[in-house]
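Each chain, written out:
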Amino acid sequence: MMDPKTVPSYQLYNGDRIPCIGMGTFGSDRVSPAEVAEAVSGGKICSS
Amino acid sequence: MTKVWNDMHRDVQSSCLKSIQDLNCDYIDMLFIYWPFPNYHAPGCDVSSRNPDAKRFSAEEFTDTYRQIEELVEEELVEEGLVRHIGISNMTIRKLDAVLGKLRIPPSACESKLHPTFQQKDLCSYLKEQNILSIGYMPLGSPRRPERDILPEDVNDMQLPVLTRIAKAHLCHPAIICLKWALQKGHLPIPFSVHNYEANLEAAVTEPLTEEEMAAIDTLECGNRLVKGQVFLWPGATDWHELWDE
Ligand SMILES: NC(=O)c1ccc[n+]([C@@H]2O[C@H](COP(=O)([O-])OP(=O)(O)OC[C@H]3O[C@@H](n4cnc5c(N)ncnc54)[C@H](OP(=O)(O)O)[C@@H]3O)[C@@H](O)[C@H]2O)c1
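Residues numbered from 1 in each chain as written. Chains lettered and ligands numbered in written order. Predicted model: local features only at pLDDT ≥ 70, side-chain atom pairs only at ≥ 80, totals over all residues. Heavy atoms only, no water.

**Q** What am I meant to see in the packing of helix H6 (residues 174-184) of chain B against helix H8 (residues 211-218) of chain B here?
**A** The axes of two packed helices give the description: the angle between them and the distance between them. All names here are of chain B. Two numbers describe how H6 lies on H8: the axes approach to 11 Å, and their chain directions differ by 100 degrees. Taken together, H6 and H8 sit at an angle that is classed as roughly perpendicular. Contacts between H6 and H8 involve Ile177, Trp181 and Gln184 on the former and, on the latter, Met214, Ile217 and Asp218. Within the contact of H6 with H8, the residues separate by chemical class into 4 nonpolar, 1 polar and 1 charged. (Axes fitted to C-alpha atoms, helices over the stretch in contact; angles between N-to-C directions. Helix = DSSP H or I, 4+ residues; strand = E, 2+ residues; numbered from the N terminus. Parallel < 35°, antiparallel > 145°, perpendicular 65-115°, else oblique. Contact = heavy atoms within 4.5 Å. Nonpolar A, V, L, I, M, F, W, Y, C, P; charged D, E, K, R; others polar.)

Set out below in structure tokens:
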């Protein structure tokens, strides 16, 4: 599991910060919404 | 983060409220206009599918859609707003030139197709000058994109010898090298993965590429636009190049 504090971030024009990498959510009509949801929630756990 | 779909440009608020309800959250960190002009096409449709009502990009239509998001951000001035940042996507320099001066709240990020064989260097420099973050979609060259978008002449980024060689040196998959390249270029890549997402996130914290490796990947640019967007064409348009102002 990754420590979220170790993920670098970018600064947006107003000073807010955003993690430097994200996860795609469009499964190219091959992966079901449920599988995508599971991966994205897994991604959230890995970085929290 | 989520987006206003291209059939909801005239009713951004209800699209945003539906997303908030579906995502079970209180507000959207960044709401994107996914496509710079409206068009509806059914999910999974073929590249030959056309919407007879489709119209070309217009700065007026775009700024009207954008204005509706600005209103959702500006609510924040009185109470917690529904949207914190505005994103745009699938833009070109010509379209940005036509609209940026008309917006009250600048866009925070622009999502574009960005991978080693399709680097859009001019667009990225333009965005950087405007202080707009480049978000890179299809950062691995989308090897499993829908069949309708696969052509025999397409290049598969992750199979290129330059990338496999660098991956070998870093003891990782070429996907990780594509992501490191994107990060070191200052893009925010959004790789899709149901099997390798943890490794992908870790690409941001493991050994960076050397200057030589970055320079070698820079040479892979070959205008390899994998998804052309034909379904967005309007009656009378010549071909998909017109979508990208080429
Ligand atoms: N704004 C727009 O117009 C737009 C357009 C297209 C896409 N997008 C967004 O961009 C996201 C990414 O694009 P994409 O899904 O087309 O392509 P992509 O991220 O370039 O490639 C995804 C593919 O690469 C594989 N992969 C991912 N990580 C890997 C790894 N570490 N090792 C080996 N294989 C790996 C995935 O398989 P596994 O699942 O098996 O790992 C998946 O098949 C989309 O999901 C969507 O959210 C936006």
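**Q** Can you help me understand the site of the ligand in this one?
**A** As a structural note, the neighbourhood of the ligand is formed by 26 residues, with Leu140(B), Ser142(B), Ser193(B), Val194(B) and His195(B) the closest of them. Those residues lying near the ligand are distributed over chains A and B. Contact distances for the ligand include 3.4 Å between an oxygen atom and a backbone N or O atom of Pro139(B). Between a nitrogen atom of the ligand and a side-chain N or O atom of Asn200(B), the distance comes to 2.9 Å. Contact with the protein chains removes 88% of the 910 Å² of surface that the ligand exposes when unbound. Along the lines of polarity and charge, the residues of the shell around the ligand split into 13 nonpolar, 11 polar and 2 charged. (Near = heavy atom within 4 Å. Polar contact = N/O pair within 3.5 Å; in protein donor to acceptor, adjacent residues only side chain to side chain. Areas by Shrake-Rupley, 256 points an atom, 1.4 Å probe, with all protein chains shown as cover.)

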